[in-house]
Amino acid sequence: MFPTNFAWGAATSAYQIEGGWNVDDKGPSIWDTFCHEGGRLVFEGQSGDVTCNSYELWEEDLRCIRQLGLTHYRLSLSWSRLLPEGITRHVNQKGLRYYNKVINDLVASDVLPMVTLYHFDLPQALQDQGGWKSPEIAAIFDSYARFCFESFGDRVKLWITLNEPYVCAKLGHEDGIFAPGVKEPGMAAYLVGHNMLRGHARAWHSYNVLYRAKQGGSVSLAINSDWAEPLDPASPDDTAATERYLAFTLGWFAWPLFVTGDYPEVMRSSIEVRSKELGYQEGSRLPRFSKDEPSLLGTADFFALNYYTSRRVKPGECCPGVLGLKSDQDAEGVVDPSWPVCGVSWLAVVPDGLRKLLKYIKDTFNNPAVYITENGFSQVGPVDMEDVQRCGFYHDIIQEIARALREDGVDVRGYFAWSLLDNFEWADGFSVRFGLFHVDFSRPERPRTAYRSGREYAGIISKYRSQTMVNI
């Protein structure tokens, strides 16, 4: 069912697991600031100050990785742990040693690292200079990326420049519920997304010119998207709304990389129509790419997809006269009553939605190689170590990936479960648990214990790797 080199992985991110927020010369990130300031919307005022304490307990994480039998592990680098000021003028040698040890230990364990350069945690020093809203951030990110390629690229062959730019743009700069907590509806999100794409393009071209021949790696950008289909398939309005829904999520960042080098036309036209309706006359709210900068088209060596859920879509019901991404999109996604919901209200469990989305990506973006870089199932409330429902989810989702490979011809290269560990889940704090391993946050030693779903996932990996070897 699966190729011999299929990546069986799990994923984490630095701020969510590392802790050690102010030790060994690490600089503060925007999430440190966001959590420490009063009045924020993080569950019970929690933070990632300690979380899983992976900065001190990396060997425990490695034990979990080995116990699962992973072939790949996706981690992110803390930009402010490596470069406390965000720029290469000051390199934190302690941070550099930490990540070198992590990567070396993985390689020694025959586990290939997939490294994400940016997973929501911008150095606060750069935020103080405008952050992702500043046009200069693209060049600064490129410099940081080149530093990482130079430092780790001899061992890292799979790179993600940015994780979920949609979330950073919308939740961080439109809704204000993620760091840095900016609320500028209808304006900042588009600028932030634009600058993130500019930074990604620069970093990809730097790798392509300076490092690819010697290091032989691949570089992409992780895009999150629901699967979406019309609430009423016979309704032209629902069909058009579904097109807009996908354009403003998946297409916003995939279209420039894989199709035209620019945003989807339906996205640009929808924004311009809404601007005209509201009398906005200060130019396009969706920026245009300059021909003087590196081209975006072709700057993804594979399609990195984060998938969690699906939606039925109908036209939006937004308040008239309000600038905002939601009103520009004019599409509302609803949960089908037949879909079970796990843990948090937004997470409807729809395994076959992943297969449909994979086929859509194949047909729309010229059949790229695809890594599913995040996918998971949460639980809330009392800890259930015998998480039978989540066990079933992992079996179902793997079967849908197998069908996408076998029946739809999608070039799926790997699957990364979210997450290796229970961790700090952003605004939900520690109230939501996605881990394959339970972490007891009440104890200073933060013991890790495999959930039943973790053992089941290990069994799935062992089963399919054994079948592959037999088939060889």
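Just so it is clear, the structure is predicted and the values come from calculations on it, not from any experiment. (Residues numbered from 1 in each chain as written. Predicted model: local features only at pLDDT ≥ 70, side-chain atom pairs only at ≥ 80, totals over all residues. Heavy atoms only, no water.)

### Things to note about unusual backbone geometry
1) Next: At the junction of Ala179 and Pro180, the peptide bond is cis and its omega measures out at 10 degrees in the coordinates.
2) Next: Along the chain, the position of Pro180 falls in the loop between helix H8 (165-173) and helix H9 (188-215).
3) Next: At the junction of Trp418 and Ser419, the peptide bond is cis and its omega measures out at 10 degrees in the coordinates.
4) Next: Structurally, Ser419 can be placed in the loop between strand E12 (412-418) and strand E13 (432-433).
5) Next: A positive phi angle, close to 55 degrees, is found at Asp24, a residue other than glycine.
6) Next: Of the residues examined, Asp24 reaches a relative accessible area of 34% and is grouped as partly exposed.
7) Next: For Asp110, which is not a glycine, the phi torsion comes out positive at approximately 60 degrees. (Helix = DSSP H or I, 4+ residues; strand = E, 2+ residues; numbered from the N terminus. Buried < 20%, exposed > 50% of the residue type's maximum accessible area, 1.4 Å probe, protein only.)

### Brief notes about empty space enclosed by the protein
1) Next: Per the counting criterion, the structure on display carries three cavities of 30 Å³ or more.
2) Next: Reported here for the largest cavity is a volume of approximately 90 Å³.
3) Next: For the lining of the largest cavity, the secondary structure elements donating two or more residues are helix H1 (14-17), helix H3 (58-68), strand E2 (72-76) and helix H5 (93-108).
4) Next: For the lining of the largest cavity, the residue count by class is eight nonpolar, three polar and two charged.
5) Next: Of the volumes computed, that of the second largest cavity is approximately 70 Å³.
6) Next: As for the second largest cavity, its lining consists of Ala14, Tyr15, Glu18, Gly19, Trp21, Lys26, Ser29, Gly48, Ser78, Ser80, Arg81 and Asp121.
7) Next: Looking at the lining of the second largest cavity, the elements that each hand over two or more residues are H1 and helix H4 (79-82).
8) Next: Split by residue class, the lining of the second largest cavity holds three nonpolar, five polar and four charged. (1 Å grid on protein atoms, 1.4 Å probe; cavity = no way out; pocket = protein on both sides within 12 Å on 5 of 7 lines; lining within 4 Å. Points joined across faces, edges and corners; volume = space filled by probe spheres on them. Nonpolar A, V, L, I, M, F, W, Y, C, P; charged D, E, K, R; others polar.)

### Side note on the nonpolar core
1) Next: Counting residues in hydrophobic clusters, the biggest one holds 146 residues, and the most contacted among them are Trp31, Trp132 and Tyr415.
2) Next: Among the elements that take part in this core, H9 stands out by supplying ten residues, more than any other.
3) Next: Among all residues touching Trp31, those that are not within four sequence positions of it are Tyr15, Val42, Phe120, Asp121, Phe178, Ala179, Phe424, Trp426 and Ala427.
4) Next: Membership of the second largest hydrophobic core comes to six residues, among which are Ala228, Tyr245, Leu246 and Ala331. (Core = buried A, V, L, I, M, F, W, Y, C linked by side-chain atoms within 4.5 Å. Contact = heavy atoms within 4.5 Å.)

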